[in-house]
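An overview of the molecular structure
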Amino acid sequence: MATVLVDAENVRRSLWPNMPGEELVERSAAWGEQEGHDVQVVWEGSESGDDQIARLAKELEPPVWVVTSDRGLQDRVRDNAERIIGGGSFARELRRT
C-alpha cells in the first residue's frame, strides 16, 4: 500500500470542464479503496499545496506516490516519491472508475 498525495488544484483543473473539488475527493477515496492505497487530497492551507506535498513526501514512510503535472513540484519530490503520476491521466482514470 502506498500513500498517494494528490495535488488537488492541479488534478481538478486538468480536465475540461474542471472537476469539482467534492467529486475529486470522492472519486480519489473510491480509487484508493479499490486499489488498496491511502489517498490524501492536498489543498492550499496555511502553506501552499506544493509545499505541503513536498514536506509530506519527505516525512511519510515509503512508498509515497505523488499525483501532479506541475514540473516544479515533480522536481521537488523526485527523490522522495516512488512514483509520480500525471494529474490529467489520474483525473481521467478517476472518471473512468
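See above for the structure.
All of the points below concern the structure found in this document.

Scoring rules and cut-offs
- Residues numbered from 1 in each chain as written.
- Predicted model: local features only at pLDDT ≥ 70, side-chain atom pairs only at ≥ 80, totals over all residues.
- Heavy atoms only, no water.
- Helix = DSSP H or I, 4+ residues; strand = E, 2+ residues; numbered from the N terminus.
- Phe/Tyr/Trp six-rings, centres within 6.5 Å; stacked < 30°, edge-to-face > 60°.
- Buried < 20%, exposed > 50% of the residue type's maximum accessible area, 1.4 Å probe, protein only.
- Axes fitted to C-alpha atoms, helices over the stretch in contact; angles between N-to-C directions.
- Parallel < 35°, antiparallel > 145°, perpendicular 65-115°, else oblique.
- Contact = heavy atoms within 4.5 Å.
- Nonpolar A, V, L, I, M, F, W, Y, C, P; charged D, E, K, R; others polar.
- Arc of directions from axis to C-beta.

Moving on to unusual backbone geometry. Along the chain, Trp16 connects to Pro17 via a cis peptide bond; the corresponding omega equals -5 degrees. For Pro17, the location among the structural elements is in the loop between helix H1 (8–12) and helix H2 (21–35). Of note, the bond from Pro62 into Pro63 is cis; its omega dihedral lies within 30 degrees of zero at 5 degrees. Mapped onto the elements of the fold, Pro63 is located in the loop between helix H3 (49–59) and strand E3 (64–67).

A few words on the packing of aromatic side chains. If you walk through the whole model with that rule in mind, you get one aromatic pair. Here the aromatic rings of Trp31 and Phe90 are separated by 5.1 Å at their centres, their planes lie at 80 degrees, and the arrangement is edge-to-face. Taken together, the residues span a long stretch of sequence, with Trp31 in helix H2 and Phe90 in helix H5 (residues 87–96) at a distance of 59 residues. Exposure remark for Trp31: the relative accessible area of 7% places this residue in the buried category.

All right, on to the packing of H2 against H5 then. Two numbers describe how H2 lies on H5: the axes approach to 10 Å, and their chain directions differ by 80 degrees. The orientation of H2 relative to H5 falls into the category roughly perpendicular. Of H5, the residues touching H2 (which contributes Glu23, Leu24, Arg27, Ser28 and Trp31) are Phe90, Glu93, Leu94 and Arg95. Taken together, the residues of the contact of H2 with H5 break down into four nonpolar, one polar and four charged.

With that out of the way, let us pick up the side chain of Thr3. Along the chain, the position of Thr3 falls in strand E1 (residues 3–7). With a relative accessible area of 11%, Thr3 lands in the buried category. Every residue in contact with Thr3, bar those within four places of it in the chain, is listed here: Asp38, Gln40, Leu60, Pro63, Val64 and Trp65.

Take H5 next. Within H5, burial applies to Gly87, Gly88, Phe90, Ala91 and Leu94. Considered in projection along H5, the buried side chains sweep an arc of 165 degrees and stay on one side of the axis. Those residues of H5 that are buried lie in contact with E1, H1, H2, E3 and strand E4 (83–85).

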